[in-house]
Amino acid sequence: TSLLLDGCHITADVIEALVGTPLGDSLSDLGEDLYDEATILEPGAILAAVRGFPKLYALKILRGSTMPGPGFYSDLSRTTARITDLRILDETTTDACIAAACSHLRLQSLELEFLDLLTSRIVDGITRSQSAATLWSLKIAYCAEEPESPLRATDLLRLVQGCPN
């Protein structure tokens with residue numbers, strides 16, 4: 001079950017109102033159906049969701065939803081180990097954020113899109129993490145394109161070799 005909330009600003013209070021309801025108890029993904037850049041999921045709302053929705057395994061962090069850095073991803077993993085599918089479009093995301101998410105979660109699917117701050121260092125962040133052993137789907141689109149540190153063919157080869165699934 002998913003929840004479609006286009007054009008909304010989602011706070012922890014909104015999520016808390018759904019916790020313990022039949023809808024909240026059946027939600028398996030949050031944000032996946034959201035493509036509207038006007039939709040904002042606050043960090044507290046995301047943490048409330050992973051804490052309160054027992055079937056939640058897929059999470060999409062939207063553009064415009066600014067997470068407070070790598071510590072957020074560490075907090076996310078301390079709150080739940082159920083997140084296995086993670087899609088990040090938050091343009092403030094850094095290599096350290098990806099490394100924290102991959103290190104502390106056992107991701108099976110990771111999608112990174114439109115993340116201008118990423119560099120080729122994300123390869124090490126992914127391949128040196130516990131997610132490297134569980135990751136079977138990886139999408140990197142419109143990321144790490146800066147001339148100073150772009151993703152190159154050798155980086156992609158290291159990703160394929162470092163993530164055996």
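Residues numbered from 1 in each chain as written. Predicted model: local features only at pLDDT ≥ 70, side-chain atom pairs only at ≥ 80, totals over all residues. Heavy atoms only, no water.

Novice: Even after reading the chapter, I still don't get the pairing of strand β8 (residues 137–141), so can you show me in this structure?
Specialist: Strand residues, when the strand is regular, have side chains that alternate between the two faces of the sheet. Pairing between strand β7 (residues 109–113) and β8: 5 bridges, direction parallel. Bridging from a neighbouring strand, leucine 110 pairs with leucine 138 of β8. Remark: the β7/helix α6 (residues 122–127)/β8 crossover connection has right-handed handedness. (Pairing = 2+ DSSP bridges. Helix = DSSP H or I, 4+ residues; strand = E, 2+ residues; numbered from the N terminus. Right-handed = clockwise from strand over helix to strand, strands pointing away.)

Novice: Any chance you could explain the packing of helix α4 (residues 70–79) against helix α5 (residues 95–104) here in plain terms?
Specialist: Angle between the axes and distance between the axes: these two values describe a pair of packed helices. Close contact between α4 and α5 brings their axes to 8 Å; oriented N to C, the two are set at 15°. On the basis of their axis angle, the class for α4 and α5 is roughly parallel. The two elements α4 and α5 meet at a crossing, and its hand is right-handed. In this structure, α4 contributes Pro70, Tyr73, Ser74 and Ser77 to the contact, and α5 contributes Ala96, Cys97, Ala100, Ala101 and His104. Counted by class, the contact of α4 with α5 contains 6 nonpolar, 3 polar and no charged residues. (Axes fitted to C-alpha atoms, helices over the stretch in contact; angles between N-to-C directions. Parallel < 35°, antiparallel > 145°, perpendicular 65-115°, else oblique. Left-handed = near helix turned anticlockwise from the far one by under 90°. Contact = heavy atoms within 4.5 Å. Nonpolar A, V, L, I, M, F, W, Y, C, P; charged D, E, K, R; others polar.)

Novice: Would you explain unusual backbone geometry in this entry?
Specialist: It is generally the case that most residues other than glycine have a negative phi and that most peptide bonds are trans. The phi angle at phenylalanine 114 is positive, at roughly 60°, despite the residue not being glycine. Within the secondary structure layout, phenylalanine 114 lies in the loop between β7 and α6. For phenylalanine 114, a relative accessible area of 29% gives the class partly exposed. (Buried < 20%, exposed > 50% of the residue type's maximum accessible area, 1.4 Å probe, protein only.)

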